[in-house]
Amino acid sequence: MSGALQRLGSFTIVGTIAFIVDISVYNILASGFGIGPITSKVASVTLATGVSWLGSHYVTFRQFAGRPKREEAVLFGLTNLVGLGIAAACLFVSHYALGLTSPLANNISGNVVGVLLGNVFRYLAYRFFVFRPSAVEPA
């Protein structure tokens, strides 16, 4: 059980660093450069995903990293596209469907609710799908 708790702690630290990258880049682009909220979110999540893969591969799930890096990176990217979809859907519903368009509302929907729901999905997908040894064919 201690291995699982260490992984969860490491996942939290890596996720926190990626979250800081995500929210910082989002707010810089959306506020400082006048880029729309969805485009800003896509860009910020893309950069944060790179940070997250490095931390996940080399720290959190290193004992499970047995796939070729290219395969692992593709699966990681696909998993994060789903996570991005979750965050973007939360932002879309709040901003466009509910009309909550303030910077605070955008941050709460995209960077709190969306990231929280996306992280639950990501952790489970990383642990049980992305970071596991590749199947070795019997000789």
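Definitions and limits used
Residues numbered from 1 in each chain as written. Predicted model: local features only at pLDDT ≥ 70, side-chain atom pairs only at ≥ 80, totals over all residues. Heavy atoms only, no water. Axes fitted to C-alpha atoms, helices over the stretch in contact; angles between N-to-C directions. Helix = DSSP H or I, 4+ residues; strand = E, 2+ residues; numbered from the N terminus. Left-handed = near helix turned anticlockwise from the far one by under 90°. Contact = heavy atoms within 4.5 Å. Nonpolar A, V, L, I, M, F, W, Y, C, P; charged D, E, K, R; others polar. Buried < 20%, exposed > 50% of the residue type's maximum accessible area, 1.4 Å probe, protein only. Salt bridge = Lys/Arg side-chain N within 4 Å of Asp/Glu carboxyl O. 1 Å grid on protein atoms, 1.4 Å probe; cavity = no way out; pocket = protein on both sides within 12 Å on 5 of 7 lines; lining within 4 Å. Points joined across faces, edges and corners; volume = space filled by probe spheres on them. Patch = residues over 30% accessible without salt bridge, like charges linked within 9 Å, V, L, I, M, F, W, Y side chains within 5 Å. Areas by Shrake-Rupley, 256 points an atom, 1.4 Å probe, with all protein chains shown as cover. Core = buried A, V, L, I, M, F, W, Y, C linked by side-chain atoms within 4.5 Å. Parallel < 35°, antiparallel > 145°, perpendicular 65-115°, else oblique.

A. Focus on the packing of helix α2 (residues 37-60) against helix α4 (residues 103-130). In contact at an axis separation of 13 Å, α2 and α4 are set at 35° when each is read in the N-to-C sense. Crossing of α2 against α4: the hand is right-handed. Of the residues in α4, those in contact with P37, K41, S52 and S56 of α2 are N106, G110, N111, V115 and Y126. Of the residues that constitute the contact of α2 with α4, the class distribution is three nonpolar, five polar and one charged.

B. Just the environment of F64, in detail. Here F64 is to be found in the loop between α2 and α3 (69-97). Taking relative accessible area as the criterion, F64 reaches 17% and is therefore assigned buried. In sequence terms F64 and R132 are 68 residues apart; their C-alpha atoms lie 4.7 Å from each other.

C. Main features of the pattern of salt bridges. Going through the model one piece at a time under the given rule, you end up with two salt bridges. Its salt-bridge partner being K41, residue D22 comes within 3.0 Å of it at the nearest N-O pair. Taken together, the residues span a long stretch of sequence, with D22 in helix α1 (residues 2-32) and K41 in helix α2 at a distance of 19 residues. This pair shows no difference in class: D22 is buried, exactly as K41 is.

D. Up close: the side chain of S52. By the element assignment, S52 lies in helix α2. Contacts of S52, omitting those with residues within four sequence positions, involve V14, A18, F76 and Y126.

E. Just empty space enclosed by the protein, in detail. In this structure the tally under the stated criterion is one cavity of 30 Å³ or more. A18, D22, A48, N119 and R122 are, among the 19 residues lining the largest cavity, the residues nearest its centre. At the level of elements, α1, α2, α3 and α4 are the ones that each hand at least two residues to the lining of the largest cavity. Per-class residue counts for the lining of the largest cavity are nine nonpolar, seven polar and three charged.

F. Quick peek at a nonpolar patch on the surface. Where nonpolar side chains cluster on the molecular surface, the patch consists of F92, V93, Y96, L98 and L100 and spans about 510 Å² of accessible area. The topology assignment puts Y96 in helix α3. On the accessibility criterion, Y96 (47% relative accessible area) is partly exposed.

G. Quick peek at the nonpolar core. F11, W53, F61, F64, L75, F76, Y123, Y126, V130 and F131 form the largest nonpolar core, which has ten residues in total. Looking at this core element by element, the count peaks at three residues for α4. Among all residues touching Y126, those that are not within four sequence positions of it are F11, S52, S56, F61, F76, T79, N80 and F131.

H. Inspection of the packing of α1 against α2 at higher detail. Packing of α1 against α2 leaves a shortest axis separation of 8 Å and a crossing angle of 155°. The pairing of α1 with α2 is recorded here as roughly antiparallel in orientation. Pair α1 / α2 crosses with right-handed handedness. Grouping the amino acids of the contact of α1 with α2 by side-chain chemistry returns 16 nonpolar, seven polar and three charged.

Limitation: the analysis is restricted to geometry and does not speak to function.
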